[in-house]
Amino acid sequence: MSNVKLAFLIQRPPYKSETATLGITHAISYQVVEMLLEDGQNVIPTVCMVGEGVLNCLKDQKAMENYGVMSIESHIKNGLLVDLDILVCKEDLARFGISEDRIADAEDMGADKKLQIVPYAEIQKVMESSNHLLVF
Amino acid sequence: MKLGVFVNDYKSTVETVDRLTAEKLGIIFIQNGVFHATIKDNGKASPILDKSANFYALSEDLATRGLTNTDVDSRVKVVTYSDVVDLIFNDYEKLIWV
């Protein structure tokens, strides 16, 4: 029985709306979805940050200090902690002049995974191979 | 007219702001508007910064997004909440949000 692949495409910037946060939290909650699947079937989620969505990935976000809310950086870290694949479009990072050292990681929390900076062509492949594409 | 304009979004606000004219124009970047003050799209700063205006960006909203004062365009002054209150009461007669 084949696994179900979900691609979460995040294209909106952080904070003004809940959109980007929702995309990440939906992806993190994939483990709950597994309850609805057939025996032996798994959900394989992949988060793809594209366009202005890459602006969610900056590190050192001070959302708790200023807004009293959990930062999107923390949501991303939690995603990495549960071994979520989070892809970040290389071309869009370059377009906005964001270098790799500005990108969040969850190394301090002991995560094995890191944000994966990849060409858009790779994100396109993820979208094509997914059973469901969810755009946020 | 002394007009203060709060810009709180990134892409969707450029055309609206471009049409605004005033004897004294102040553009205050808050929330996601701070990306206008910091991000260069394909190497180009936001076209809003080409307007003849005084520009401000809220420091708390910069920090929330992982941005620092060194990311801010030289045409933009970084201000605190308290500074924004002063701008509202002392510098501009009318204030709008776009």
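Everything numeric in this text was worked out from a predicted model, so none of it was measured. (Residues numbered from 1 in each chain as written. Chains lettered and ligands numbered in written order. Predicted model: local features only at pLDDT ≥ 70, side-chain atom pairs only at ≥ 80, totals over all residues.)

K.L.:
Describe in detail the interface of chain B and chain A, supporting the description with residues and values.
P.N.:
Taken together, the contacts link 17 residues of chain B with 18 residues of chain A. With three residues, helix H3 (residues 59-64) of chain B is the single largest residue contributor to the side of chain B that touches chain A. (Contact = placed C-beta atoms within 7 Å. Helix = DSSP H or I, 4+ residues; strand = E, 2+ residues; numbered from the N terminus.)

K.L.:
Go over the sheet that holds strand S5 (residues 94-97) of chain B, please, and point to the residues and values.
P.N.:
All names here are of chain B. One open sheet holds the five strands; their spatial order is S4-S3-S2-S1-S5, and the pairing between them is parallel. Only two strands of the sheet have a single partner each, and these edge strands are strand S4 (76-79) and S5. Geometrically, the sheet is characterised by an average inter-axis angle of 25 degrees between neighbouring strands, direction not taken into account. (Pairing = 2+ DSSP bridges. Axes fitted to C-alpha atoms, helices over the stretch in contact; angles between N-to-C directions.)

K.L.:
Give me the lowdown on the confidence of the model for chain B, citing residues and values where you can.
P.N.:
Close inspection of predicted coordinates is inappropriate for parts of the model with low pLDDT. Summarising the model, chain B shows a mean pLDDT of 93, and 98% of its residues fall at 70 or more. Across the interfaces of the predicted complex, the ipTM metric reaches 0.73, alongside a pTM of 0.83. (pLDDT = per-residue confidence, 0-100.)

K.L.:
So what's going on with the pairing of strand S2 (residues 43-49) of chain A? Residues and values would help.
P.N.:
Residues and elements named next belong to chain A. With five of its seven residues buried, S2 lies for the most part within the structure. The sheet contact formed by S2 and strand S3 (residues 85-89) spans four bridges and is parallel. Considered in S3, the bridge of Met49 is made with Val88. (Buried ≥ 20, exposed ≤ 12 C-beta atoms within 10 Å, placed from the backbone.)

K.L.:
Account for the sheet that holds strand S4 (residues 116-118) of chain A, with residues named and values stated.
P.N.:
Residues and elements named next belong to chain A. Read across the open sheet, the five strands follow the order S4-S3-S2-S1-S5; overall the sheet is parallel. A single partner strand is all that each edge strand has here, and the edge strands are S4 and strand S5 (132-135). Averaged over all adjacent pairs, the angle separating strand axes in this sheet is 25 degrees, with direction ignored. With four bridges connecting them, strand S1 (residues 4-10) and S5 associate as parallel partners. Following the sheet pairing, Phe8 is matched in S5 by Leu134. Helix H6 (residues 120-129) rests against S1, S2, S3, S4 and S5 of the sheet, and its axis sits at about 135 degrees to S3.

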